[in-house]
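If you want the building blocks of each chain, they are given just below.
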Amino acid sequence: MTSPEEIIDQIRDAMKEIPNHKIYFTLRSMRLKYVRKETVELVKACVILDEIGLPITISLISSILNIPESAATTRLHNLGDKHVLILHRQGSRTFKWSLSNLFKKHYSGEL
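What you are looking at is a predicted structure, and each value in this text was computed from that prediction instead of being measured.

Cut-off values and rules
Within each chain, residue numbers correspond to sequence positions counted from 1 in written order. The predicted origin of the model limits local features to residues at a pLDDT of at least 70 and limits the giving and counting of side-chain atom pairs to 80 or more, whereas totals for whole chains, interfaces and linings rest on all residues. With hydrogens and water excluded, all non-hydrogen atoms of the structure serve as input to the side-chain values. Each helix corresponds to a stretch of at least 4 residues labelled H or I by DSSP, and each strand to a stretch of at least 2 residues labelled E; elements are numbered beginning at the N terminus. Only protein chains enter the accessibility calculation, which uses a 1.4 Å probe; a residue is then buried when its area is under 20% of its type maximum, exposed when over 50%, and partly exposed in between. Whether two residues are in contact is decided by their heavy atoms: any pair within 4.5 Å suffices. Stacked, tilted and edge-to-face are the three classes assigned to paired rings of Phe, Tyr and Trp, where Trp is represented by its six-membered ring and a pair needs centres within 6.5 Å; plane angles under 30 degrees give stacked, over 60 edge-to-face, the rest tilted. Only lysine NZ and arginine CZ atoms are considered, and such an atom sits over a ring when it is within 6 Å of the ring centre and within 35 degrees of the ring normal.

Draft legend 1. Here's a closer look at the side chain of Thr-57. Along the chain, Thr-57 turns up in the loop between helix H3 (37-52) and helix H4 (58-65). Exposure remark for Thr-57: the relative accessible area of 15% places this residue in the buried category. If near-sequence neighbours (up to four positions away) are discounted, Thr-57 is found in contact with Leu-76, Phe-95 and Lys-96.

Written out as structure tokens, the structure reads:
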């Protein structure tokens, strides 16, 4: 059985396979201005999590990117505001996100 650390390492390895420019230009095509390297890394993590069927959560993003949970929360909410992610509330304190269909269409080149 694989440990959580091994899964996180596999996700990080898979993130390296996605070209930064593909995420950057996808976000720019969605009319995001000021796309930073940190944003590209976060979206890469979200794409991988979506591909393998894991939920996009604050704790998982925090572990993958080695950032505080407060920073992960802010960044995920910001991407939700930009229609990259969709927030699914599971309660007053439980948040899960998924990639929006709009982002998926831009990412796959349909738009």
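Draft legend 2. Looking closely at the packing of aromatic side chains. Following the criterion strictly, the structure yields three aromatic pairs and no others. Here the aromatic rings of Tyr-24 and Phe-25 are separated by 5.1 Å at their centres, their planes lie at 85°, and the arrangement is edge-to-face. For Tyr-24, a relative accessible area of 31% gives the class partly exposed. Positioned above the aromatic ring of Tyr-107 is the side chain of Lys-22, whose terminal nitrogen or guanidinium carbon lies 4.3 Å from the ring centre.

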